[in-house]
Amino acid sequence: MASFTLGKYLPYNSLIHKMDPRAKIIVMMLLLCAIFIPAGFIGYGILVVIVTSIVLVSKLNLKFVVNSMKPMMFMLVFLLIINILVIKTGPILFSLFSLDIYLDAIMQTFYIAIRLLLMIMITTCLTATTKPLELTLGIEDLLKPLKVVKVPAHEIAMMISIALRFIPTLIEETERIMKAQASRGVDLQEGKIKEKIGGILSLIVPLFVSSFQRAEELAFAMEARGYSPGEIRTRYKQLHMKYGDYLAIVFGVLLNIVMLTLSMVF
Amino acid sequence: MSIEFKKIDYTYSVNTPFQFVALKQIDLNIEMNKVTAIIGATGSGKSTLVQHLNGLILPTSGQLIVNDFVINANVKVRNLKSLRKNVGLVFQFPEYQLFEESIIKDIAFGPKNFGVPEDEANKIAKASLKLVGLDESYLEKSPLDLSGGQKRRVAIAGILAMEPDVLVLDEPTAGLDPQGAKQMMELFKKLNTVHNKTVLLVTHDMEHVYNYCDNVVVMKKGEVFLNSSVNTFFENTTYLDELNILAPNIIRLKNMLKNHNIDVSGCDDIHSICDKIVKELK
Amino acid sequence: MKIIDAKNIDFSYDEITHAVKSVSFSVERGSYTTIIGHNGSGKSTIAKLLIGLLPCDSGSIHIDGLELSLSNLAKIRNKVGIVFQNPDNQFIGATVRDDIAFGLENHRIDSNLMDDIINEFAIKVNMFEYLDSEPTKLSGGQKQRVAIAGALAMNPEIIIFDESTSMLDPQGKNEINNFIQELHKEKDLTILSITHDIEEVCKSDNVIVMFEGKILMEGKPCDILNQTEKLVACNLDIPFAQKVVNELRLKGISISDNLTLESLVSEICLLSLKK
């Protein structure tokens, strides 16, 4: 399970690492918006260049990011087949066993692949350069205006940070229970379906029982240390927006305008 | 019948940045039909070592022999399941592996996985529950309604129901009160003497090692530091000092008396030591 | 002066489990009190009642003269810190630093003051080098030290240890036990420790023995730990030295009660000189 790298924080020292998490989240949202504006080849060209440079500035390994696309390959091939069968517009490229392949089908698939790649690059960039705790603080701050409509921003952020904190603990626990049940003859690889279902139950039930117990103990510990949901608290980690952060947001907005213009021109 | 580790290495997460050598060149013979304690500091490789015994972890290099099973590193192992039936492994805090709605079903889960028919499995389950000291009135209860100590007994019964020749336990008394721990250790001793099981247990408690075990394997930084009889181990205080282990009370008392020129050699329980003291005082 | 005063407290989890049955006890300011009892004797429940994590069914609890009630809860929790059994389930922050800060945030300490407080208590529990470590990188003993720092950072009058060493290896146990002894030297802090460790009990000022939800005995360790029959009847251990004393008495030697091997052996030597 140590190979679980997608979405993991990588502690380098880069400009992007130093950005305010709030600015990073906003810029990420803006970039994601830009991706979905159909601005043709030139638009995607610009985006690929920008996103690639962001990844490089973050000191992330480009190969590592692209590699995280691999699990998507199957889906993309599947999509290509569907597109070939469904999309019948544009010039015919060539025929394969009396099946006409249209240019638009190929282009559609290509666009989707590019969008997926860009999305993964952008989100990886965010999670790899921002500590989970800072990310939750950022989300909390950005959700604050929604307090007016009774969105419990702080409680949501607390839940996310506790969930993040307990992921490694729960992975460890799962491994332990799997091994314990394997010692009792549970075999999830081979064996009949009925046995497999029994085997999965033997993992899930103990995991639930122990998670509930953990949750109860954690709640006691939090309460004993004076936590009370809804109460005002101070905050240890203070976030500070700098010039660069504002600049990045402005840049993100500009990018969207450029994309919109491009999409209208073409 | 034997348990032999031959030049076994084990490395976690090979070829990743997290690579970690847990066991180095383990050569070890475990005496059958004895109670063997495995001790050592946290992170010394005890848990990794015992998980080899039923094939949960396969060696990176070397050879492991458990009864008729031979496991060679990098060779696909056949019949892992029957090895697991032969070596019952009880993890730390085993009460967390209970999941069925009734105790009898939970105990019968193991044998059924190994192909024992239902009514036969239920029969074994009843016998196993009795073996761990709980009566038949518990059979239909939910395992989740029991006290901590009772849950642990039921979990151990679930392993015993597989009728293994070798029973391996990882810190079986952790978190129990002194009385519960004592009863637990007496159970393992009984399983060894009455039911002829080979028992291996990972422990930190030197009183338990001294009072209930025959042999001791000391792990240190992924290597076997020592494999000897319990008496030899505790007689030699240099080992204890080197390992930073506080000797069991009896040994400490004997050493203190010896330093004051009261001869208590050859005494290994409280009664015989007191007899010597009485002689000295009268 | 009494800092904890519990009168006739009663608590049931449900119809069947009557965990605490009309228990009364008090604890002196600055003292070090241990509570022992078999698993399920109600000792951990008492800890939770004392800081209002569970409400008493009846009876009253006064902490530092203040009655425990819903309106006083926050004030009481300012005075009482607690360290629980499971090191993993009380580590809330992403790093040691954030975990110590968690309590400070709840108590609305100004964020500019937090770094100094965090550093001070991290140094106190000897975890300064680990301030930015995540919990998965720490041993059980280290996590418990962080929990202690988190509790001490609130400046409590009382600190409760609820079987805080029972899940640790011998090294971790030693670390925490030694630290508790250190804390005891601070004159104003009151320590209440729930434990199975009979050796720890020997070092405390007072001991309370619980059995099936009731207090069976209380007093100085030397007056309690020699009552072999009573202790054995409630499934408890007695110190090894006392076992030897009992055995010697059976064999007709007159010898006084001893809690430690050191004092026992020196008494035996004295006796052998006198013969």
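Residues numbered from 1 in each chain as written. Chains lettered and ligands numbered in written order. Predicted model: local features only at pLDDT ≥ 70, side-chain atom pairs only at ≥ 80, totals over all residues. Heavy atoms only, no water.

Colleague: Lay out the overall build of chain B in plain terms, naming residues and giving numbers.
Modeller: Within chain B, the secondary structure is distributed over 11 helices and 10 strands. Compactness check: chain B gives a C-alpha radius of gyration of 21 Å against a globular reference of 19 Å for 282 residues, within 12% of the reference. For chain B, the spread of C-alpha atoms along the principal axes amounts to about 65 × 50 × 35 Å. Of all 282 residues assigned to chain B, the portion counted as buried reaches 56%. A separation threshold of at least 6 residues defines the contact pool for chain B, and within that pool the share at least 24 residues apart is 61%. As displayed, chain B has an accessible area near 12400 Å², and 47% of this comes from carbon and sulfur atoms. (Helix = DSSP H or I, 4+ residues; strand = E, 2+ residues; numbered from the N terminus. Rg over C-alpha atoms; globule rule 2.2 N^0.38 Å. Buried < 20%, exposed > 50% of the residue type's maximum accessible area, 1.4 Å probe, protein only. Contact = heavy atoms within 4.5 Å. Areas by Shrake-Rupley, 256 points an atom, 1.4 Å probe, with all protein chains shown as cover.)

Colleague: I'd like to hear about the interface of chain C and chain A, residue by residue, with values.
Modeller: Between chain C and chain A, the contact holds 36 residues from the first and 25 residues from the second. Approximately 2700 Å² of surface area, both sides summed, lies buried where chain C meets chain A, with 54% of it carried by carbon and sulfur atoms. On the chain C side of the contact with chain A, Asn89, Ile92 and Arg108 of chain C bury the most area, a combined 23% of that side's loss. On the surface where chain C and chain A come into contact, there are six salt bridges. Between lysine 237 of chain A and aspartate 98 of chain C there is a salt bridge, with the nearest N and O atoms lying 3.2 Å from each other. Viewed at the interface, chain A and chain C are joined by 19 residue pairs in polar contact (both at pLDDT 80 or more). Of all the secondary-structure elements, those providing two or more residues to the side of chain C that touches chain A are α3 (96-106) and α4 (111-124) of chain C. Among the residues forming the side of chain C that touches chain A, the class breakdown is 16 nonpolar, 11 polar and nine charged. (Buried area = accessible area lost by both parts, 1.4 Å probe. Salt bridge = Lys/Arg side-chain N within 4 Å of Asp/Glu carboxyl O. Polar contact = N/O pair within 3.5 Å; in protein donor to acceptor, adjacent residues only side chain to side chain. Nonpolar A, V, L, I, M, F, W, Y, C, P; charged D, E, K, R; others polar.)

Colleague: Explain the packing of aromatic side chains residue by residue, including any values.
Modeller: The geometry of an aromatic ring pair is captured by two quantities: the separation of the ring centres and the angle between the planes. Tallied over the entire structure, the rule returns 15 aromatic pairs over all chains. Ring centres of tyrosine 10 of chain B and tyrosine 12 of chain B lie 4.9 Å apart, and the angle between their planes is 90 degrees; this geometry places the pair in the edge-to-face category. Tyrosine 10 of chain B gets classed as buried once you look at its relative accessible area, which sits at 15%. Of the residues examined, tyrosine 12 of chain B reaches a relative accessible area of 27% and is grouped as partly exposed. Ring geometry for tyrosine 210 of chain B against phenylalanine 234 of chain B: centres 5.8 Å apart, planes inclined by 65 degrees, an arrangement best described as edge-to-face. In this pair, tyrosine 210 of chain B is assigned in helix α7 (residues 206-212) and phenylalanine 234 of chain B in helix α8 (residues 230-235), connecting sequence segments 24 residues apart. There is no split in this pair, since tyrosine 210 of chain B and phenylalanine 234 of chain B are both buried. Members of the aromatic cluster, connected to one another through ring pairs, are Tyr210, Phe225, Phe233, Phe234 and Tyr239 of chain B. The ring of phenylalanine 166 of chain A has arginine 165 of chain A sitting right over it, with the charged end atom 4.2 Å from the ring centre. (Phe/Tyr/Trp six-rings, centres within 6.5 Å; stacked < 30°, edge-to-face > 60°. Lys NZ or Arg CZ within 6 Å of the ring centre and 35° of its normal.)

Colleague: Describe the layout of surface pockets, naming the residues involved and giving the relevant values.
Modeller: A volume near 800 Å³ is recorded for the second largest pocket. In terms of lining, the second largest pocket is formed by 23 residues, of which the most central are Ala182, Asp187 and Gln189 of chain A together with Leu80 and Arg84 of chain B. Within the residue set of the lining of the second largest pocket, elements represented by two or more residues are α8 (153-182) of chain A together with α2 (80-86) of chain B. With five residues, the single largest contributor to the lining of the second largest pocket is α8 of chain A. Of the residues assigned to the lining of the second largest pocket, the class counts are 10 nonpolar, five polar and eight charged. (1 Å grid on protein atoms, 1.4 Å probe; cavity = no way out; pocket = protein on both sides within 12 Å on 5 of 7 lines; lining within 4 Å. Points joined across faces, edges and corners; volume = space filled by probe spheres on them.)

Colleague: Pulling in residues and values, what's your account of the confidence of the model for chain C?
Modeller: In low-pLDDT segments, the atomic positions of the prediction should not be examined closely. Considering every residue of chain C, the mean pLDDT works out to 93; 100% of them sit at 70 or more. Reported for the predicted complex are a pTM of 0.88 and an ipTM of 0.92. (pLDDT = per-residue confidence, 0-100.)

Colleague: Just give me the short version of the state of the cysteines, but keep the residues and values in it.
Modeller: Taken as a whole and assessed by the stated rule, the structure comprises zero disulfides over all chains. Cysteine cysteine 125 of chain A remains unbridged, with the sulfur of cysteine 33 of chain A as its closest cysteine sulfur at 17 Å. (Disulfide = S-S within 2.5 Å.)

Colleague: Let's hear about the sheet that holds strand β5 (residues 69-72) of chain B: which residues, and what values?
Modeller: Residue and element names in this part refer to chain B. Across the sheet, four strands lie side by side as β2-β1-β4-β5; this open sheet has antiparallel pairing. At either margin of the open sheet sits one strand with a lone partner, and together these are β2 (20-30) and β5. The mean angle between the axes of side-by-side strands here comes to 20 degrees, regardless of whether they run parallel or antiparallel. Where strand β1 (residues 3-12) and β2 come together, seven bridges link them in antiparallel fashion. Across the sheet, the residue bridging to isoleucine 8 is isoleucine 26, located in β2. (Pairing = 2+ DSSP bridges. Axes fitted to C-alpha atoms, helices over the stretch in contact; angles between N-to-C directions.)

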